[in-house]
Amino acid sequence: MSTETLMAYDEALERFEPVLGMEVHVELGTASKMFCGCRAEFGGAPNTQVCPVCLALPGSLPVANEKAIESTIRIGLALNCSIASWCRFARKNYFYPDMPKNYQISQYDEPLCTDGYLDVEVDGRIVRVEIERVHLEEDTGKSTHVGGATGRIQGADHSIVDYNRAGIPLVEIVTRPIEGTDRLAPEIARAYVAELRELMRALGVSDVRMEEGSLRCDVNVSLMPRGTSTWGTRTETKNVNSLRSVERAVRHEIERQGAILADGGRIIQETRHFHEDTGATTAGRSKEEAQDYRYFPEPDLVPIAPDPEWVESLRSGLPELPRVRRGRLQEEWGASDLDMRSMHNADAIDLVEATVAAGAAPADARKWWMGELARRANEAGSALVELAITPVQVARVCAMVAEGAVNDKLARQVLEGVLAGEGGPDEVVERRGLRVVSDEGELSAIIDQVIADNAAAADKVRGGKVAAVGALVGGVMKASRGKADAGRARELILAKLGVSE
Amino acid sequence: MSLIRKSAAELGALLGAGEVSAVEVAQAHLDRVAEIDGKVHAFLHVAAESALAQARAIDERRAKGERLGPLAGVPIAHKDVFTTSDMPTTAGSKILQGWRPPYDATVTRRLREAGLVILGKTNLDEFAMGSSTENSAFGPTRNPWDLTRVPGGSSGGSSAAVAAYAAPLSTGTDTGGSIRQPAAVTGIVGMKPTYGGSSRYGLIAFASSLDTPGPFARNVLDAALLHEAFSGHDPMDSTSIDAPVPGVVEAAKRADIAGLRVGVVREFDSEGFQAGVVARFHETVELLESLGAKVVELSCPSFTTALPAYYLIAPSECSSNLARFDAMRYGLRVGDDGERSAEEVMAMTRAAGFGPEVKRRIMLGTYALSSGYYDAYYGQAQKVRTLIARDFEAAFHQVDVLISPTTPTTAFPIGERVDDPMAMYLADLCTIPANLAGNAAISIPCGLADEDGLPVGLQIMAPVLGDDRCYRVGAALETALESRWGGPLLSKAPAL
């Protein structure tokens with residue numbers, strides 16, 4: 001793979017036009033699995049969330065999870081799809097040890113939702129991504145291949161299988177080919193997945209954690225020479241487990257395919273694997289020796305025939321969609337496009353909204369989340385939402401500043417205390433003694449001491465050099481360990497020195 | 001009369017009245033099993049200890065004054081295709097030899113709840129694929145009427161057990177005739193309920209859209225009692241019908257057919273059928289008329305295409321259903337030497353674990369579902385299925401039930417058809433249409449063929465959820481036939 005030649009991205013784009021296709025799998029956050037009563041939670045000890053049905057013991061039968069069907073219809077509606085009035089599950093037959101039945105219950109030519117779209121925004125431009133289908137299926141178990149160099153089944157000593165994941169409801173969302181992306185193809189691919197992820201969250205149907213595999217993305221890329229209109233052969237890159245990887249995988253495939261085509265070579269239709277460490281893709285199974293899945297309608301399940309009235313009630317119960325909501329919030333907050341984009345990129349919108357809801361001014365909420373807290377999250381290498389502080393606590397800090405109880409410098413210490421687990425903002429203020437010194441007597445005594453200790457500076461001020469008061473204010477702040485109100489200290493110093501501005 | 005000759009209803013009454021204990025009844029049947037099963041080989045597993053324990057428990061409950069159902073304490077033989085948590089379950093296959101299911105099939109659970117005492121598990125064609133029980137990996141079962149002949153199949157162990165007085169009742173499954181055909185060739189009653197009327201949960205699947213659990217008994221009322229005991233909606237089986245079970249016991253007791261409209265299926269009359277079968281069938285038609293039924297002949301043209309359609313649909317579904325037997329989680333594992341890949345172990349296990357008929361059907365089905373062939377085979381077969389359902393519908397506008405011989409011939413000799421799958425498949429010619437359409441159908445004995453003295457079966461087919469009609473007509477005919485014979489047909493069987 002190290003010998004692979006790449007073409008510079010700019011050159012590839014000059015000569016070829018990319019066509020994208022995205023297949024996203026979302027694990028639904030239902031309480032139980034798709035076809036049995038087992039818990040569908042992530043992270044249980046291996047093979048503890050299993051039963052005769054999801055282990056495919058002889059004689060067991062599936063029963064469809066109605067909540068999963070409902071979630072799939074809601075996803076379809078949110079993606080502007082048509083909902084089938086009658087459709088069936090189908091069996092997809094192939095042998096693999098992590099698939100207990102050696103067939104997957106999926107949908108084939110009768111998906112639950114078809115013909116929709118999702119608008120995504122890239123660089124201020126709205127791109128409409130057309131959705132071909134949304135269907136419901138079951139997840140497989142998880143294989144771990146032990147002893148090989150690559151972690152793949154080839155070359156492994158042995159493999160172990162955890163069937164906890166087998167049978168978790170999985171929704172597959174497939175786009176139509178996305179044309180006309182031009183050089184923004186990587187960004188559009190990323191923005192699509194990001195928007196989809198936010199949509200799933202807004203619908204409350206999945207926790208969409210890419211790192212845990214509850215949102216998985218396959219990226220199809222092909223190139224066609226500029227000036228032609230016949231699509232090239234596509235590759236399907238799997239194992240793309242973060243938004244950044246989506247972008248990198250598309251870019252890499254464009255560079256790789258560009259080099260092959262420019263050299264007169266031909267693209268092999270195949271599955272490729274993305275590698276986080278190198279940003280490269282490597283060949284997997286070739287689709288030219290195509291698997292025949294021998295699909296046929298699942299005889300163990302009855303057809304799905306959603307009542308149109310029920311579908312309409314689901315439609316009217318849809319939440320505000322993410323893009324619409326962002327527009328509304330921008331207006332309510334009076335935020336700039338740039339501010340909104342940076343909050344969006346930092347996944348801060350929900351946090352800011354919750355902080356505003358808890359009483360903070362929008363500008364203050366944004367300032368703390370995007371400033372001090374973003375810095376701390378960055379240092380810790382974690383996401384904002386993972387910080388050990390709640391929007392209500394941030395709102396309380398904003399209120400303290402607004403009341404003058406703490407200044408910005410103290411507020412940062414309050415935040416630090418909360419993040420360190422010292423308690424809520426009020427507790428941290430109490431324990432660390434961070435309240436601004438507002439007792440005039442105490443402040444006056446500190447000032448007298450500072451004037452006495454800095455006679456030269458005091459003289460300068462008395463002599464009319466008012467600017468020299470800065471050193472004295474600094475001394476007061478230092479002596480009070482930052483708790484003095486600097487403005488009030490300045491007034492008092494000038495008064496004591498008999499100087500007026 | 002000895003306990004083993006009594007009907008289930010009679011045993012239930014004796015048990016209820018305290019005239020006999022469940023332990024005595026179970027012991028009498030276990031003794032019979034010990035006496036004859038060396039010759040018949042109806043059982044793959046005899047659960048003497050657990051049967052006696054169950055029987056004791058029933059006796060204790062009754063002693064405490066508990067009110068129990070009509071079959072509490074009555075013994076039953078259970079087809080070894082239903083999972084049982086306390087007995088091995090093999091489906092007649094080496095690939096499941098030694099497997100102990102961790103759960104009971106819904107039918108098993110309901111047998112237990114009704115207080116039926118499970119004597120053991122009965123032999124069958126491997127994965128219920130066959131019409132003679134010769135495809136069992138554990139050796140054939142013999143017909144109690146003539147030990148050189150087959151007891152039918154796939155539920156041949158269950159039919160032989162009842163015909164040999166080893167149990168008054170047994171369970172079967174009917175995918176293309178696997179209850180009705182064995183009942184016919186052993187001279188007993190076998191019922192295929194409406195598809196979805198009895199639960200498939202825990203029934204090891206052959207063809208999901210066809211498999212139907214049903215009862216065997218020596219008379220119509222007993223079959224109805226067992227039918228009622230294990231049928232009804234099951235939330236664990238999505239294809240199970242959420243409707244009350246038709247009043248089958250009441251229908252079996254009512255047994256009147258005056259004014260009944262009966263249709264004779266022209267397509268299943270005489271041509272290619274054994275002369276003795278045709279003769280008994282025609283006599284039965286006359287008997288029906290003499291009992292006040294109005295008999296008409298009518299045509300169901302698509303029934304002639306049922307057999308080929310069935311041999312595409314059933315193998316297609318089985319090719320997928322049997323994919324799970326891969327050596328990974330349960331059952332046989334061959335060739336796992338630490339070097340071979342999972343794929344190689346799977347292939348070696350399946351090669352060693354499945355018998356030739358199962359392999360034949362897996363290959364047929366795999367081919368029929370293949371891309372490029374699907375429309376011509378599986379798709380076309382599904383269309384035939386629709387046509388058959390329409391023929392039934394049209395027929396049931398004119399008549400209340402349809403009748404035909406259950407099988408074209410009486411029991412054939414063991415070994416005769418093992419190398420001729422087409423001849424074997426023809427045994428299910430008349431029974432398959434009801435499977436493809438999901439209808440109810442029963443087989444009752446209607447006499448002995450003159451040329452070989454072996455039992456002939458009459459098939460009575462009713463609409464979906466019209467199971468009660470099968471019992472009503474069956475019981476009326478049974479009464480008339482037995483008065484003509486001077487007793488049950490089975491009493492004419494030679495002693496074992």
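Everything numeric in this text was worked out from a predicted model, so none of it was measured.

(A) Broad picture of the overall build of chain B. Helix and strand counts for chain B come out as 16 helices and 11 strands. Computed over its C-alpha atoms, the radius of gyration of chain B comes to 21 Å, within 12% of the 23 Å expected for a compact globule of 496 residues. C-alpha atoms of chain B, sized along the principal axes, occupy 70 × 55 × 45 Å. Sequence separation of 24 or more characterises 76% of the internal contacts of chain B that already satisfy a separation of 6 or more. Of the roughly 16400 Å² that chain B leaves accessible, carbon and sulfur atoms contribute 53%. Both charge centroids of chain B, one from 44 positive and one from 57 negative side chains, sit 2 Å from each other.

(B) Representation of the state of the cysteines in the model. Under the counting rule described, the total for this entry stands at zero disulfides over all chains. B:C430 takes part in no disulfide bond, and the closest cysteine sulfur to it belongs to B:C446, at a distance of 12 Å.

(C) Expanded view of empty space enclosed by the protein. Residue and element names in this part refer to chain A. Summed over all chains, the structure comprises seven cavities of 30 Å³ or more. Lining the largest cavity are 18 residues, and of these F35, V53, C54, K101 and E138 sit closest to its centre. The class makeup of the residues in the lining of the largest cavity is 10 nonpolar, four polar and four charged.

(D) Layout of the sheet that holds strand β3 (residues 117–122) of chain B. Residues and elements named next belong to chain B. Pairing is mixed across the open sheet formed by 11 strands, whose spatial order is β1-β3-β2-β4-β6-β5-β10-β11-β9-β7-β8. Strands with a single pairing partner mark the edges of an open sheet, and in this sheet they are β1 (43–46) and β8 (294–298). Along the sheet, successive strands turn relative to each other by an average axial angle of 30°, direction set aside. In this sheet, β8 lies alongside strand β7 (residues 261–265) in parallel orientation, the contact comprising five bridges. Bridging across to β8, G263 finds its partner in V296. Across the face of the sheet, helix α3 (residues 48–63) comes into contact with β1 and β3 while running at roughly 155° to β3. Its contacts with the sheet place helix α16 (residues 467–485) against β5 (189–192), β6 (212–217), β9 (401–405), β10 (440–448) and β11 (455–462), and it is angled at close to 10° to β10.

(E) Main features of unusual backbone geometry. Backbone torsion omega between B:G153 and B:S154 reads 5°, so that peptide bond is classified as cis. The topology assignment puts B:S154 in the loop between β3 and α5 (156–163). Here A:R294, not a glycine, exhibits a phi torsion of approximately 45°, which is positive. With respect to the secondary-structure elements, A:R294 resides in the loop between β13 (281–286) and β14 (296–297). By relative accessible area, A:R294 is classed as buried at 15%. Phi angles above zero are rare outside glycine, and B:A91 is one such case at about 55°. Position of B:A91 among the secondary structure elements: in the loop between β2 (75–79) and α4 (106–113). Take B:A91: its relative accessible area is 0%, and that puts it in the buried class.

(F) Region of interest: the layout of surface pockets. Residue and element names in this part refer to chain A. The space that makes up the second largest pocket amounts to roughly 1700 Å³. Elements represented by at least two residues in the lining of the second largest pocket include exactly β5 (113–122), α3 (185–203), α4 (243–262), α6 (322–333), α7 (337–345), α8 (349–357) and α9 (362–380). Residues of the lining of the second largest pocket, tallied by class, amount to 20 nonpolar, nine polar and 21 charged.

(G) Spatial organisation of the packing of aromatic side chains. Residues and elements named next belong to chain B. As enumerated under the stated definition, the model contains 20 aromatic pairs over all chains in all. Ring plane angle 40° and centroid distance 5.8 Å describe the contact between W99 and Y330, whose orientation is recorded as tilted. Of this pair, W99 sits in the loop between β2 and α4 while Y330 is found in the loop between α10 (306–321) and α11 (342–353), placing the two residues 231 residues apart along the sequence. Taking the relative accessible area as the measure of exposure, W99 reaches 9% and is therefore buried.

(H) Here's a closer look at the domain arrangement of chain B. All names here are of chain B. Each assigned domain of chain B is listed here: domain 1 (3–299 + 390–492) and domain 2 (304–383). Each partner contributes residues to the interface: domain 1 has 28 residues there, and domain 2 has 26 residues. When the area that domain 1 buries against domain 2 is broken down by residue, the three leading residues are I95, M129 and Y425, summing to 30%. Linking domain 1 to domain 2 there are zero salt bridges. Across the contact surface, domain 1 and domain 2 share nine residue pairs in polar contact (both at pLDDT 80 or more). For the side of domain 1 that touches domain 2, the secondary structure elements donating two or more residues are α14 (421–425) and α15 (432–437). In terms of residue count, the dominant contributor to the side of domain 1 that touches domain 2 is α15 (three residues).

Calculation rules
Residues numbered from 1 in each chain as written. Chains lettered and ligands numbered in written order. Predicted model: local features only at pLDDT ≥ 70, side-chain atom pairs only at ≥ 80, totals over all residues. Heavy atoms only, no water. Helix = DSSP H or I, 4+ residues; strand = E, 2+ residues; numbered from the N terminus. Rg over C-alpha atoms; globule rule 2.2 N^0.38 Å. Contact = heavy atoms within 4.5 Å. Areas by Shrake-Rupley, 256 points an atom, 1.4 Å probe, with all protein chains shown as cover. Lys, Arg positive; Asp, Glu negative; His and termini not counted. Charge placed at Lys NZ, Arg CZ, Asp CG, Glu CD. Disulfide = S-S within 2.5 Å. 1 Å grid on protein atoms, 1.4 Å probe; cavity = no way out; pocket = protein on both sides within 12 Å on 5 of 7 lines; lining within 4 Å. Points joined across faces, edges and corners; volume = space filled by probe spheres on them. Nonpolar A, V, L, I, M, F, W, Y, C, P; charged D, E, K, R; others polar. Pairing = 2+ DSSP bridges. Axes fitted to C-alpha atoms, helices over the stretch in contact; angles between N-to-C directions. Buried < 20%, exposed > 50% of the residue type's maximum accessible area, 1.4 Å probe, protein only. Phe/Tyr/Trp six-rings, centres within 6.5 Å; stacked < 30°, edge-to-face > 60°. Domains from an automatic or database assignment. Buried area = accessible area lost by both parts, 1.4 Å probe. Salt bridge = Lys/Arg side-chain N within 4 Å of Asp/Glu carboxyl O. Polar contact = N/O pair within 3.5 Å; in protein donor to acceptor, adjacent residues only side chain to side chain.

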